[in-house]
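Here are the chains, one letter per residue:
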Amino acid sequence: MAYGIELAQRVRDYLRNVPNVTIEEKKMFGGLAFLVNGKMCINVTGVGLMCRYDKQQARAIAKRLGYRPMIMNGKNLPGYCYVSPEGFVNPDDFSFWVELCLAFNEKAKAAKKAKSEKS
């Protein structure tokens, strides 16, 4: 799985300074996902960020530099987007995207875990 190692370190360093959260890293979606308190929060891909956010903010977020909707199997995935490097090269823009994901993470539901099979 290819992802930006330097970008992953930038996200890692940012999240280390967030109080009262548990961070886990997991290879997902063809990149490196950062789970915050057990929920997928932000992902580093080979070409930028994949963000999870409150879909009610989609209209405003779509106007940001570097934004691209996340389309999977021909369908737009509300509440997810890709952000290319020009959208987060500036430290304030980088903070915007990470904070956007953290804000949604507080109210996001964790993915259901697969039930273990009974013998």
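Anything mentioned here points back to the structure above.
Residues numbered from 1 in each chain as written. Predicted model: local features only at pLDDT ≥ 70, side-chain atom pairs only at ≥ 80, totals over all residues. Heavy atoms only, no water.

Chemist: Help me understand helix α3 (residues 91-105) in this model?
Modeler: What sets the pattern is the α-helix's 3.6 residues per turn: residues three or four places apart point alike. In this model, α3 (15 residues) spans 21 Å end to end at C-alpha, consistent with the 21 Å of a helix rising 1.5 Å per residue. When α3 is considered as a whole, its buried residues turn out to be F94, W97, V98, L100, C101, L102, F104 and N105. Measuring from the backbone nitrogen of D92 back to the side-chain oxygen at the start of α3 gives 2.6 Å, which picks out N90 as the cap. (Helix = DSSP H or I, 4+ residues; strand = E, 2+ residues; numbered from the N terminus. Expected span 1.5 Å × (residues − 1). Buried < 20%, exposed > 50% of the residue type's maximum accessible area, 1.4 Å probe, protein only. Polar contact = N/O pair within 3.5 Å; in protein donor to acceptor, adjacent residues only side chain to side chain.)

Chemist: What is the right way to look at the packing of aromatic side chains in this model?
Modeler: Aromatic rings in a pair are described by how distant their centres are and how their planes are angled relative to each other. In the structure shown here, the tally under the stated rule is 3 aromatic pairs. Ring geometry for F96 versus W97: centroids 5.1 Å apart, planes at 80 degrees, classification edge-to-face. The class of F96 is partly exposed, set by a relative accessible area of 28%. Exposure remark for W97: the relative accessible area of 0% places this residue in the buried category. Each residue in the set Y14, F88 and F94 is aromatic and connected to the rest through ring pairs, giving one cluster. Above the face of the F94 ring, R10 is positioned so that its terminal group lies 4.0 Å from the ring centre. Positioned above the aromatic ring of F96, the side-chain terminus of R64 is 3.6 Å from the ring centre. (Phe/Tyr/Trp six-rings, centres within 6.5 Å; stacked < 30°, edge-to-face > 60°. Lys NZ or Arg CZ within 6 Å of the ring centre and 35° of its normal.)

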